Amino acid sequence: MKLELTKECALSLAHEAVRRGATAAEIIIRHRTEFSVSVRLDEVETLQQSSDQGLGLRVLIDGKQASVSGSDLRRDTVLSLMDEAIELARATSPDDTAGLPDASEFATSMPDLDLHDTAIEQLRTEEKIELAIRAERAAKDYSDLIINFDGGGFDSASGTAILANSLGFAGEYSATSCSLIAVPVASEDGKMQRDYWYDVRRKLSELNTPEEIGVMAAKRTLRKLGARPVPIQNVPVVFEPNIARDLVGDIFNAVSGESIFRKSSFLVGQLGERVASGRLTVVDDGTKPRGLGSRPFDGEGLPTRRTVVINEGVLESYLLNTYTARKLGLRSTGNAGRGLVGAPSVEAGNMYVEPGPHSPEEIIKSVSKGFFVTELIGFGVNIVTGDYSRSASGIWIENGELTFPVQGVTIAGNLKEMLNQVEMIGNDLDFRGSVVSPTLLIGRMTIGA
């Protein structure tokens, strides 16, 4: 007999695990449908559609824990999986910090965060393909220098998540998303460049039009033609939003409870201290309506919330799940993430830099000589020391004007110094993702070939 995918079923399974020998148990059930089409030169290159469901079970026995997962949801199979998890847990080493949250901490209400859109689920395959082709055509029609495309297409997803545990919590929510991207290739004097533009939203009606995406992708690609390196020098650096969000991701890694309790972050032991420019405020908000990182409860059943991480330069909070909070003698911030297997991780909600008063044009105009970064390549950030070095390309700034494209350079600095040298913040914050930022001006970094 196949199990019903309901909260009540998940709750019953959690209690059954305790009856069979677990001290505590947690069940997660997920159902997800995904679609992806990639196009090139008006032709469909790949088209994929899948629908799957899975069940994850974590059991605890006096600090010992194990997790298992499966996609066969027949009752006998799930109960056999449960017995296997209990035996695995008995064979592991105990961790006194491991365990479910206190029952008093669970979410008691499920706010409607407007995460689901039936229009995405009802969109026909032909319409999805047409959106992708329209974006590509808009890019190609913008300039004869656009000669090819390196991917691009439309993706969508919809699904439901159910979480229940043996302490009585049971929650469920559904969500959708859709994205559209164009990746043109331009050629001039025998040299080629590529760039992209995209949008991703919870609601189809809020997605940028294919024409907007295609034209922006073409403009970004064309402005890279003729790119060259620049000499080694120390200058101000402007991060466009797509690049500044990487810096927010670095901040997340530095304030994640997993980095803090392992003492592998340059922000260890600095709660209440000034760690950044007074202009900088960083927030994590898992309750933002239609946010791509929003959900009514986290991966342990605690209510998500708005947490000010850095307030006008002062570090006010780390981001924690129950395990890391207990390790640090603190309380969870509702940032537990969950896969079908494994213990809960720490996960950002919607993490962003609060926008400032300046337009991107004003920020660029304020720079007499500097570098406007539009692309970062590779990885070169040490969260323990803060050392930062990334390959980059972009546009050179002279006398407040964007002049010529730059590539083949490295930008280097230290995250501690970079955060303290945030001199201007843009007003162009757009939640095109769950980790985002407006334009940022960093006072000084090293540019090298």
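No experiment lies behind these values; they were computed from the predicted model shown.

How each quantity is defined
Residues numbered from 1 in each chain as written. Predicted model: local features only at pLDDT ≥ 70, side-chain atom pairs only at ≥ 80, totals over all residues. Heavy atoms only, no water. Phe/Tyr/Trp six-rings, centres within 6.5 Å; stacked < 30°, edge-to-face > 60°. Buried < 20%, exposed > 50% of the residue type's maximum accessible area, 1.4 Å probe, protein only. Lys NZ or Arg CZ within 6 Å of the ring centre and 35° of its normal. Helix = DSSP H or I, 4+ residues; strand = E, 2+ residues; numbered from the N terminus. Expected span 1.5 Å × (residues − 1). Contact = heavy atoms within 4.5 Å. Axes fitted to C-alpha atoms, helices over the stretch in contact; angles between N-to-C directions. Parallel < 35°, antiparallel > 145°, perpendicular 65-115°, else oblique. Left-handed = near helix turned anticlockwise from the far one by under 90°. Nonpolar A, V, L, I, M, F, W, Y, C, P; charged D, E, K, R; others polar. Core = buried A, V, L, I, M, F, W, Y, C linked by side-chain atoms within 4.5 Å. Arc of directions from axis to C-beta. Pairing = 2+ DSSP bridges. Domains from an automatic or database assignment. Buried area = accessible area lost by both parts, 1.4 Å probe. Salt bridge = Lys/Arg side-chain N within 4 Å of Asp/Glu carboxyl O. Polar contact = N/O pair within 3.5 Å; in protein donor to acceptor, adjacent residues only side chain to side chain.

S.K.: In this structure, what is going on with the packing of aromatic side chains? I would like to understand it.
M.R.: How two aromatic rings sit relative to each other is given by the distance of their centres and the angle of their planes. Using the criterion set out here, one finds 8 aromatic pairs in the structure. Seen in terms of ring centroids, W197 and Y198 are 5.8 Å apart; in terms of plane orientation they differ by 55°. Their pairing is tilted. A relative accessible area of 10% means that Y198 is categorised as buried. Ring-pair connections join several aromatic residues into one group, and the members of that group are F106, F169, Y173 and F297. Here K128 stacks its cationic end above the ring of F35, 4.2 Å away from the centre of that ring. If you follow R432 out to its NZ or CZ, it ends over the ring of Y198, 5.7 Å from the centre.

S.K.: Explain helix α4 (residues 125–142) to me, please; I cannot follow it from the model alone.
M.R.: Counting along an α-helix, one turn takes 3.6 residues, and residues three or four places apart therefore face a common direction. For α4, with 18 residues, the first-to-last C-alpha span of 26 Å sits near the 26 Å given by 1.5 Å per residue. Within the sequence span of α4, burial applies to K128, I129, L131, A132, I133, A135, E136, A138 and A139. Where the residues of α4 are buried, they touch β1 (24–40), β2 (43–61), α3 (118–122), β4 (146–165), β5 (170–188) and α5 (210–222).

S.K.: Any chance you could explain the packing of α4 against α5 here in plain terms?
M.R.: Any two packed helices are characterised by how steeply their axes cross, that is the angle between the axes, and by the distance between the axes. Where α4 contacts α5, the two axes come as close as 7 Å, and the packing angle between them is 40°. When the axes of α4 and α5 are compared, the pair comes out oblique. Taken as a pair, α4 and α5 cross one another with a handedness that is right-handed. Only P210, E211, G214, V215, A218, K219 and L222 of α5 make contact with α4, whose side of the interface consists of L131, R134, A135, A138, A139 and Y142. Of the residues belonging to the contact of α4 with α5, the class tally is 9 nonpolar, 1 polar and 3 charged.

S.K.: What is the right way to read the nonpolar core from this model?
M.R.: Soluble globular proteins: nonpolar side chains tend toward being buried together. One finds F239, V255, M351, F371, V373 and I411 to be the most contacted residues of the largest nonpolar core, which totals 50 residues. Here this core gets 8 residues from one element, more than from any other, and that element is helix α6 (residues 241–255). Grouped together as the second largest cluster of nonpolar side chains are 25 residues, A10, A22, L57 and A89 included.

S.K.: Is there a simple way to explain helix α2 (residues 75–90) in this structure?
M.R.: Under the 1.5 Å per step criterion, the end-to-end length of α2 is 23 Å for 16 residues, consistent within 8% with the ideal 22 Å. Burial in α2 covers these residues: V78, L79, L81, M82, A85, I86 and A89. When α2 is viewed along its axis, its buried side chains cluster within an angular range of 155° and face the same direction.

S.K.: Just checking my understanding: could you explain the sheet that holds strand β19 (residues 435–436) for this structure?
M.R.: With mixed pairing, 5 strands are arranged side by side in an open sheet as β11-β10-β9-β14-β19. Each having just a single partner strand, β11 (314–315) and β19 make up the two edges of the open sheet. Note: strand β14 (residues 351–353) against β19, 2 bridges, orientation parallel. Each bridged residue has a counterpart across the sheet, and for Y352 the counterpart in β19 is V436. Of the strands in this sheet, β9 (282–285), β10 (306–311), β11, β14 and β19 are in contact with α6, which crosses β14 at around 120°.

S.K.: Quick question: what am I supposed to make of unusual backbone geometry here?
M.R.: Among all residues except glycine, the phi angle is most often negative; among peptide bonds, the trans geometry is most common. Despite not being glycine, D62 shows a phi value in the positive range, around 50°. Structurally, the position occupied by D62 is in the loop between β2 and β3 (64–70). With a relative accessible area of 60%, D62 lands in the exposed category. The residue D189 is not glycine, and still its phi comes out positive at about 55°.

S.K.: Whenever I open this one, the domain arrangement of the protein chain confuses me. Can you help?
M.R.: How big an interface is tends to be reported as the loss of accessible area on association of its parts. Looking at the protein chain, the domain boundaries give domain 1 (7–35 + 45–104), domain 2 (118–160 + 174–222) and domain 3 (227–449). If you average the C-alpha positions of domain 1 and of domain 2, the two centres end up 38 Å apart. Across the contact, 9 residues belong to domain 1 and 10 residues belong to domain 2. Each partner contributes to the roughly 690 Å² buried at the junction of domain 1 and domain 2, and carbon and sulfur atoms together form 48% of this total. If you sort the residues of domain 1 by the area they bury against domain 2, H31, T33 and F35 come out on top, with a joint share of 68%. Connecting domain 1 to domain 2 are 0 salt bridges. Taken together, the connections running from domain 1 to domain 2 amount to 3 residue pairs in polar contact (both at pLDDT 80 or more). Secondary structure elements with two or more residues in the side of domain 1 that touches domain 2: β1 and β2. By residue number, the principal contributor to the side of domain 1 that touches domain 2 is β1, which donates 7 residues.

S.K.: Looking at this model, I keep getting lost on the environment of D195. Mind explaining?
M.R.: Positionally, D195 belongs in the loop between β6 (191–194) and β7 (197–201). Measuring from C-alpha to C-alpha, the distance between D195 and F149 comes to 9.6 Å, with 46 residues separating the pair along the chain. With residues up to four places along the chain from it excluded, the contact list for D195 reads A182, V183, P184, R220, T221 and K224.

S.K.: Looking at this structure, how should I read the pattern of salt bridges?
M.R.: Pairing of side chains with opposite charge becomes possible as their charged atoms draw close. The final tally for this structure, using the stated rule, is 29 salt bridges. A salt bridge links E87 to R90; its shortest N-O distance comes to 2.7 Å. With E87 and R90 both in helix α2, this residue pair falls 3 residues apart, about one helical turn. E87 sits in the partly exposed class, given a relative accessible area of 48%.

S.K.: Looking at this structure, I do not really get the side chain of K203. What am I missing?
M.R.: Here K203 lies in the loop between β7 and α5. A distance of 2.7 Å separates the side chain of K203 from the side chain of D114, its partner in a polar contact. Dropping the residues within four chain positions of it, K203 is found in contact with D114, H116, D117, I120, C178 and R290.

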